[in-house]
Amino acid sequence: MGIVNSFKFTKTVFECDKFLSATHNQYRVASVRPYTDKKGVLPDGLNLTLTVMKDDMDYGIDKSGNPRENNVYQNFDVTILNRNHEVKKGDYVRLLDFDEEHSYVLGFDLLLRFQDCEVLQPKGAK
């Protein structure tokens, strides 16, 4: 017999530094929505849907012997725990200050929270 209610003692960790490095920490904004924590614990912020534009990670070979696909052009959601930004659809952003304490991995779902983000200048912009 195992430990009852072991979920109270376990946490699946997202290796954020590895992800940010593999994807060059540069993402295109697909959508922006306001975020308010229903429990009132976290500050108001923004929910961003981001598109991965680069991915250097080697994901190995699948069961059929083919290379596994990378995450280029895949979307993922993050919460930025402040609203001090003029982020809009189409912008490129860099994620800052991963909030590991308030981020979770539930099955294959990622709930990723960051304290901040930076809007990047597009190449060639003055």
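These numbers were taken from a predicted model, which means no experiment stands behind them.

Asks: Can you tell me about the packing of aromatic side chains, naming the residues and giving the values?
Replies: Overall, the coordinates contain 6 aromatic pairs when judged by the stated rule. Geometrically, the ring pair formed by Y27 and F76 is edge-to-face, given 5.3 Å between the ring centres and 85 degrees between the ring planes. Here Y27, found in strand β1 (residues 27-35), pairs with F76, found in strand β3 (residues 75-80); they are 49 residues apart in sequence, far enough to count as distant. F76 shares its class with Y27; the two are buried.

Asks: Before we move on, can you summarise the nonpolar core with the specific residues and values?
Replies: Counting 20 residues, the largest nonpolar core has Y27, L48, L50, F76, V78, I80 and L95 as the members making the most contacts within it. If you list the elements that add at least two residues to this core, you get α1 (16-22), β1, β2 (45-52), β3, β4 (92-98) and β6 (109-120). The biggest single contributor to this core is β2, with 4 residues. Residues in contact with Y27, not counting those within four places in the same chain, are F19, L20, L50, T51, V52, F76, D91, Y92, V93 and L95.

Asks: Kindly report on a nonpolar patch on the surface, identifying the contributing residues and their values.
Replies: On the surface, Y104, L106 and L111 cluster together to form a nonpolar patch covering roughly 270 Å² of accessible area. When you line up the elements, L111 lands in strand β6. A residue is classified by how much of its surface remains accessible, and L111, at 35% relative accessible area, is partly exposed.

Asks: For the pairing of β2, give the residues involved together with the corresponding values.
Replies: The element β2 is extensively covered by neighbouring structure, given that 8 of its 8 residues are classed as buried. The pairing of β1 with β2 spans 8 bridges and is classified as antiparallel. Note that in β2 the partner of P34 across the bridge is L46. Strand direction decides the pairing type here: β2 and β3, joined by 6 bridges, are antiparallel. Looking at the pairing, N47 lines up with T79 of β3.

Asks: Let's hear about the layout of surface pockets: which residues, and what values?
Replies: Where empty space is left becomes clear once a probe the size of a water molecule has been rolled over the atoms. Roughly 520 Å³ of volume is contained in the largest pocket. F14, F19, N71, F108 and L110 are, among the 18 residues lining the largest pocket, the residues nearest its centre. The residue inventory of the lining of the largest pocket, partitioned by class, reads 11 nonpolar, 4 polar and 3 charged.

Asks: I'd like a rundown of the pattern of salt bridges, residues and numbers included.
Replies: Tallied over the entire structure, the rule returns 3 salt bridges. For K88, the salt bridge is made with D91, and the minimal N-O distance between the two is 3.5 Å. Since its relative accessible area comes to 12%, D91 is described here as buried. We note a salt bridge from E118 to R94, for which the minimum N-O separation is 3.0 Å. Taken as a pair, E118 in strand β6 and R94 in strand β4 lie far apart in primary sequence, 24 residues in all. A residue is classified by how much of its surface remains accessible, and R94, at 27% relative accessible area, is partly exposed.

Thresholds applied
- Here the residue numbering is sequential within each chain, running from 1 through the sequence in written order.
- Only residues with pLDDT of at least 70 get local features here, since the model is predicted, and only at 80 or more are side-chain atom pairs given and counted; chain-wide, interface and lining totals rely on the full set of residues.
- The basis for every side-chain value is the complete set of heavy atoms in the structure, and neither hydrogens nor water enter the calculation.
- Between rings of Phe, Tyr and Trp, where Trp is taken as its six-membered ring, a pair exists when centres lie within 6.5 Å; planes separated by under 30 degrees are stacked, by over 60 edge-to-face, and by other angles tilted.
- Helical segments are the DSSP runs of H or I of at least four residues, strand segments are the runs of E of at least two, and each set is numbered from the N terminus.
- Only protein chains enter the accessibility calculation, which uses a 1.4 Å probe; a residue whose area is less than 20% of its type maximum is buried, one above 50% is exposed, and one in between is partly exposed.
- Nonpolar cores are built from buried Ala, Val, Leu, Ile, Met, Phe, Trp, Tyr and Cys residues. Side-chain atoms within 4.5 Å join them into one set.
- Any pair of residues with heavy atoms lying within 4.5 Å of one another is described as a contacting pair.
- Nonpolar side chains (Val, Leu, Ile, Met, Phe, Trp, Tyr) are joined into patches within 5 Å and like charges within 9 Å, using only residues with over 30% relative accessible area and no salt bridge.
- The method behind every accessible area is Shrake-Rupley, applied with a 1.4 Å probe, and residues are considered shielded solely by the protein chains displayed.
- Counted as salt bridges are all cases of a side-chain nitrogen of Lys or Arg within 4 Å of a carboxyl oxygen of Asp or Glu.
- The criterion for strand pairing is that DSSP finds at least two bridges linking the strands in question.
- Definitions used for this entry: grid spacing 1 Å over protein atoms alone; cavity, a set of points where a 1.4 Å probe fits but cannot get out; pocket, an open set with protein on both sides within 12 Å along at least 5 of 7 lines; lining residue, one with an atom within 4 Å of a point.
- Grid points are joined across faces, edges and corners, and a volume is the space filled by probe spheres set on the points.
- Three classes are used: nonpolar for Ala, Val, Leu, Ile, Met, Phe, Trp, Tyr, Cys and Pro, charged for Asp, Glu, Lys and Arg, and polar for all others, with Gly counted as polar.

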